[in-house]
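# Observations on chain architecture
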Amino acid sequence: MNLDGARVLVAGATGVLGGALTAELGARGARPALAGRDPARLASAARAHPGAPTVTFDAYDPASCARAVDGAARELGGLDAVVTAFGSVAFGPAAEVGDEIAEHLTAVNVLAPTAFFRAAFTVLGPGSAIAAFTGVVARRPQAGMADYSASKAALSAWLDAARREVRTGGIR
Ligand SMILES: NC(=O)c1ccc[n+]([C@@H]2O[C@H](COP(=O)([O-])OP(=O)(O)OC[C@H]3O[C@@H](n4cnc5c(N)ncnc54)[C@H](OP(=O)(O)O)[C@@H]3O)[C@@H](O)[C@H]2O)c1
């Protein structure tokens, strides 16, 4: 994808990787929109990108993920790419990690990114792209990270299947 002038929504722009990605996009001439959970952190991240729109979302609220996509598309006059760079990590033996932790990881690392992409498919056109930070654990699950590994593998599987569905429409 030619990034010069590309309209890219970065969900999780307040994080380390999301911030680095947004900076790189800006350096390559893209027009980023920044999405984040915390309004103050989002405003702070946006200071490095004058004029870039910001939208808020919470991974626990899939409807807010869809609203973030629609809001960014409205502000930028469309979108050429949507990237999810947010996530949650957890460590611990599989037998000791509680159900509530597993539920948390599934909500943040699987259901929220897929909510972003479902909404993205309604606004992206030919030549556009979606991308997600999954992690090496998606392909090489690690001991002490079973539930985290499973959440990233689930997102990766979803992306593999969705890619086959949308490529005929020119979305990578
Ligand atoms: N760092 C690594 O070495 C590495 C390696 C492989 C994969 N990854 C993956 O890459 C992604 C980003 O990692 P990172 O190191 O940049 O993490 P980070 O600096 O801790 O940033 C995490 C981001 O996720 C957001 N977030 C967390 N919970 C959220 C929620 N409930 N709703 C909305 N946003 C939420 C945070 O928002 P707030 O600013 O509001 O907290 C922040 O923007 C993660 O998915 C991680 O698993 C990281």
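Keep in mind the model is a prediction, meaning the values are calculated, not measured.

## Focus on the site of the ligand
Every one of the 19 residues lining the ligand counts as a neighbour, but Thr14, Leu17, Arg41, Tyr148 and Lys152 are closest to it. Val16 has a polar backbone atom sitting 2.9 Å from an oxygen atom of the ligand. Contact between the ligand and Phe86: an oxygen atom at 3.0 Å from a main-chain N or O atom of the residue. Relative to its free-state accessible area of 900 Å², the ligand is covered by the protein chains to the extent of 73%. Broken down by secondary-structure element, the contributors of at least two residues to the shell around the ligand are α1 (16-27) and α5 (146-166). Classifying every residue of the shell around the ligand gives 8 nonpolar, 6 polar and 5 charged.

## A few points about the packing of helix α4 (residues 99-120) against α5
Interaxial distance between α4 and α5 falls to 8 Å at its minimum, and their mutual angle equals 20°. If you check the angle between α4 and α5, you find them roughly parallel. Judged by the twist between their axes, the crossing of α4 over α5 is right-handed. Touching Ala102, Leu105, Asn109, Val110, Pro113, Thr114, Phe117 and Arg118 of α4 are Asp147, Tyr148, Ser151, Lys152, Ala154, Leu155, Trp158 and Leu159, all from α5.

Parameters at a glance
Residues numbered from 1 in each chain as written. Predicted model: local features only at pLDDT ≥ 70, side-chain atom pairs only at ≥ 80, totals over all residues. Heavy atoms only, no water. Near = heavy atom within 4 Å. Polar contact = N/O pair within 3.5 Å; in protein donor to acceptor, adjacent residues only side chain to side chain. Areas by Shrake-Rupley, 256 points an atom, 1.4 Å probe, with all protein chains shown as cover. Helix = DSSP H or I, 4+ residues; strand = E, 2+ residues; numbered from the N terminus. Nonpolar A, V, L, I, M, F, W, Y, C, P; charged D, E, K, R; others polar. Axes fitted to C-alpha atoms, helices over the stretch in contact; angles between N-to-C directions. Parallel < 35°, antiparallel > 145°, perpendicular 65-115°, else oblique. Left-handed = near helix turned anticlockwise from the far one by under 90°. Contact = heavy atoms within 4.5 Å.

Fair warning: the whole summary comes from geometry, so function is off the table for now.
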